[in-house]
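# Close look at the chain arrangement
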Amino acid sequence: MSAVMISKKAASRRWEKLPGKNTFCCDGRVMMARQKGVFYLTLFLIVGTCALFFAFECPYLALHLSPAIPVFAILLFLFVMAMLLRTSFSDPGVLPRALPEEATFIEMEIEAANANVPAGQRPPPRIRNVQINSQIVKLKYCYTCKIFRPPRASHCSICDNCVDRFDHHCPWVGNCVGKRNYRYFYLFTLSLSLLTIYIFAFDIVHVVLRSVDSGFVNTLKETPGTVLEVLVCFFTLWSVVGLTGFHTYLISLNQTTNEDIKGSWSGKNRVQNPYSHKNIIKNCCEVLCGPAYPSVLDRRGLMVEELPTSASLDGPTASSSSSKNSIAAAQSTKTTAPLIPNEHTPEDVKPGIAASLEKSHTSEEERMPTPLNTPCKSPTQDRGPSSPKEKVQKL
Amino acid sequence: MATEFHNLHDLRQGTSLATKVFIQRDYSDGTICKFQTKFPSELESRIERALFEDTVKTLNSFYCEAEKIGGQSYLEGCLACATAYIIFLCMETQYEKVLKKISTYIQEQNEKIYGPRGLLITDPIERGMRVIEISVYEDRGSSGSSSSRSSSAASSTR
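Residues numbered from 1 in each chain as written. Chains lettered and ligands numbered in written order. Predicted model: local features only at pLDDT ≥ 70, side-chain atom pairs only at ≥ 80, totals over all residues. Heavy atoms only, no water.

### Here we look at the overall build of chain A
Per the secondary structure count, chain A includes twelve helices and twelve strands. Buried residues in chain A amount to 48% of all 395 residues. Across chain A, every contact between residues at least 6 apart in sequence was considered, and the portion connecting residues at least 24 apart equals 67%. With the model as given, the accessible surface of chain A reaches about 19600 Å², and the carbon-plus-sulfur share is 65%. (Helix = DSSP H or I, 4+ residues; strand = E, 2+ residues; numbered from the N terminus. Buried < 20%, exposed > 50% of the residue type's maximum accessible area, 1.4 Å probe, protein only. Contact = heavy atoms within 4.5 Å. Areas by Shrake-Rupley, 256 points an atom, 1.4 Å probe, with all protein chains shown as cover.)

Put into structure tokens, the structure is as follows:
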């Protein structure tokens, strides 16, 4: 009996095969870091405190002062939540990893540049110098993503991605803060500061007003939520207002937290910030009112994989080997080792690299992290029947 | 549009991928999206320098238009902020509009100029806006394509 090959097509979205340590929800529309515990805490604190405020303070204040108070509080709360969710769920500006051909091309360029290093001597670190606004900026090579990082990009070790205009990884929002979501992050801290000050102020007003009628201790007994709110707001105020102030300072200088911490532009012997317009208003406008950058990470594109399954009756050996093939085809191959070993390659991987270099020349398709970039197809075929709107990611 | 794709697909039936050339980003003006206009040596025998430079310069001007910080981007930003960015779910941003223009332009260039010379430009957005990938195809010497080959694979992408 002969084996009959039946090709099954399994359609999956690209986010399922993306390298990096992100979690995806809603079929790739939502993108977050792996650890989300602190994010849930943030949500709980904001929603909980506001719920207490609406339950205990608002009825009294609406009656005795003005109904505009709870209305404004609701609007502010909704804005804070919108900014928080936008920051947490959107792509911060992740740079997709280099496909094998691009990685090989870059490696060849580096080899050509290092050709005049005498044998036995350590090759120089992989750095490219570019001149930006008459300042020399060094671009570092990322061994994980196999690219020379654009200026201001940095590799986040928690998410295992290179992020463009990397600011920092914020556990409170459960995501990196980068080019695409920095303004949402800033508006989140700003609006949260306003909300905290608002709730704190009206808590005090409420306690004072009520104490005039009922006395201080009775007031606290009638509205026990007030104590909790005041505590949360008091501690939040110092941190969030401080953070907002710090980011306002960074924006006015067009710097990122990452650059500030590393001291990239400070000090006499260092390069001056080449990205600053030397004008506070221009810097603020660029960061906050600049264009909304699209996501370059294709999360929702369709990938159709051919899974050769054999419907043979020959015996267990044939079917087990074909099922192994299908598993190999379906699994994403994470290329973490560079194609050419260097000082960073772990010792046990080096023999494997030589073997893989041999294989890659013969069967290029199998080695690709995204299994479908077969050279003869037109580039748009890889993305599947995605609509133009889906092509450019919204979040 | 499906027929033109069919032609490109047919063209590549008798060809095989020889190499890929990657045009890198030009960071001399900062972090804005701009590609180097330096003519790669691998394309010397395949395409005229002027045509190549014209393509890259046009792409650069498109990206410059997309990232322009001016009246329209301010208006867009302020309006979006006032609606807590919910308006982005219904509205197309300036950048997205320009990206569509770029995609149409690249397709046009592929059909008219690069395809007939055995080259294919990949839209930079599919490579993370890092490089312009130009695939170089070489004629295998086989006798063209069979017309009965279905173009369903090509037409299903649009």
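### A short note on the overall build of chain B
Per the secondary structure count, chain B includes five helices and three strands. Starting at the N terminus, the α and β elements of chain B follow one another as α-β-α-α-α-β-β-α. The long-range fraction of contacts in chain B, counting pairs at least 24 apart against all pairs at least 6 apart in sequence, stands at 62%. Looking at chain B as shown, the accessible area adds up to about 7500 Å², and 53% of this sits on carbon and sulfur atoms.

### What to know about the UniProt feature "transmembrane region" (unreviewed entry) in chain A
Residue and element names in this part refer to chain A. The UniProt record annotates "transmembrane region" (unreviewed entry) at residues 38-56, 68-85, 184-208 and 228-252. In the segment residues 68-85, helix accounts for 100% and strand for 0%; the C-alpha atoms at its two ends are 26 Å apart. As a span, residues 228-252 carries 100% helix and 0% strand, and end to end its C-alpha atoms are 36 Å apart. (UniProt positions renumbered as here; feature names shortened; annotations may be inferred.)

### With respect to helix α4 (residues 182-214) of chain A
Given a rise of 1.5 Å per residue, 33 residues ought to cover 48 Å, and the 47 Å separating the end C-alpha atoms of α4(A) matches this to within 8%. Among the residues trailing α4(A), Gly215(A) stands out with phi positive, at a value near 95 degrees. (Expected span 1.5 Å × (residues − 1).)

### As for the packing of α4(A) against helix α6 (residues 225-253) of chain A
All names here are of chain A. The N-to-C vectors of α4 and α6 enclose an angle of 145 degrees; their axes lie 8 Å apart at closest approach. For the pair α4 and α6, the crossing hand works out as left-handed. Grouping the constituent residues of the contact of α4 with α6 by class yields 18 nonpolar, nine polar and two charged. (Axes fitted to C-alpha atoms, helices over the stretch in contact; angles between N-to-C directions. Left-handed = near helix turned anticlockwise from the far one by under 90°. Nonpolar A, V, L, I, M, F, W, Y, C, P; charged D, E, K, R; others polar.)

### Regarding the pairing of strand β5 (residues 127-132) of chain A
Residue and element names in this part refer to chain A. With six bridges connecting them, β5 and strand β6 (residues 135-142) associate as antiparallel partners. Counted as the bridge partner of Ile132 is Gln135 from β6. Hairpin remark: β5 followed by β6, antiparallel, with two residues in the connecting loop; positive phi at Asn133, about 50 degrees. (Pairing = 2+ DSSP bridges.)

### Considerations on the nonpolar core
Counting 42 residues, the largest nonpolar core has Ile46(A), Met83(A) and Phe188(A) as the members making the most contacts within it. Where this core is concerned, the elements lending two or more residues are β3 (30-33), α1 (37-64), α2 (68-89), α4 and α6 of chain A. Looking at which element gives the most residues to this core, the answer is α4(A), with eleven residues. In terms of nonpolar packing, the next biggest core, distinct from the first, is built from 29 residues, Val56(B), Ile113(B), Tyr114(B) and Ile134(B) among them. (Core = buried A, V, L, I, M, F, W, Y, C linked by side-chain atoms within 4.5 Å.)

### A word on the sheet that holds β6(A)
Strand order in the open sheet made by the three strands is β5-β6-β7 (chain A), with antiparallel pairing throughout. Each edge of the sheet is formed by a strand with only one pairing partner; in this case those strands are β5 and β7 (147-148) of chain A.

### Concerning the packing of aromatic side chains
All names here are of chain A. This model, assessed by the stated rule, comprises 19 aromatic pairs over all chains. Pairwise contacts between aromatic rings join Phe200, Phe234, Phe235 and Trp238 into one cluster. Stacked on the ring of Tyr182, the Lys or Arg Arg165 has its end atom at 5.3 Å from the ring centre. (Phe/Tyr/Trp six-rings, centres within 6.5 Å; stacked < 30°, edge-to-face > 60°. Lys NZ or Arg CZ within 6 Å of the ring centre and 35° of its normal.)

### Some thoughts on the sheet that holds strand β2 (residues 119-122) of chain B
Residue and element names in this part refer to chain B. An order of β1-β3-β2 is seen for the three strands of this open sheet, with the pairing classed as antiparallel. Both edges of this open sheet fall to β1 (15-23) and β2, since each of them pairs with a single strand only. This sheet shows a mean twist of 25 degrees between the axes of neighbouring strands, independent of strand direction. Direction of pairing for β1 relative to strand β3 (residues 132-139): antiparallel, over a ladder of eight bridges. If you follow Ser16 over to β3, its bridge partner there is Glu138.

### As for the side chain of Asn22(A)
Residues and elements named next belong to chain A. Topologically, Asn22 is positioned in strand β2 (residues 22-25). A relative accessible area of 13% means that Asn22 is categorised as buried. Side-chain polar atoms of Asn22 contact the backbone oxygen of Met32, separated by 3.2 Å. In terms of polar contacts, Asn22 uses its side chain to reach the side chain of Asn161, at 2.5 Å. Leave out the neighbours within four places in its chain, and Asn22 touches Met31, Met32, Ala33, Cys159 and Asn161. (Polar contact = N/O pair within 3.5 Å; in protein donor to acceptor, adjacent residues only side chain to side chain.)

### So, the packing of α1(A) against α6(A)
Residue and element names in this part refer to chain A. Here α1 crosses α6 at 140 degrees, and the two axes come no closer than 9 Å. By the angle class used here, α1 and α6 are oblique. In this structure, α1 crosses over α6, and the sense of that crossing is left-handed. Contacts between α1 and α6 involve Leu45, Thr49, Leu52, Phe53, Phe56 and Glu57 from the first element and Gly225, Thr226, Leu228, Glu229, Val232 and Cys233 from the second. Considered class by class, the residues forming the contact of α1 with α6 number seven nonpolar, three polar and two charged. (Parallel < 35°, antiparallel > 145°, perpendicular 65-115°, else oblique.)

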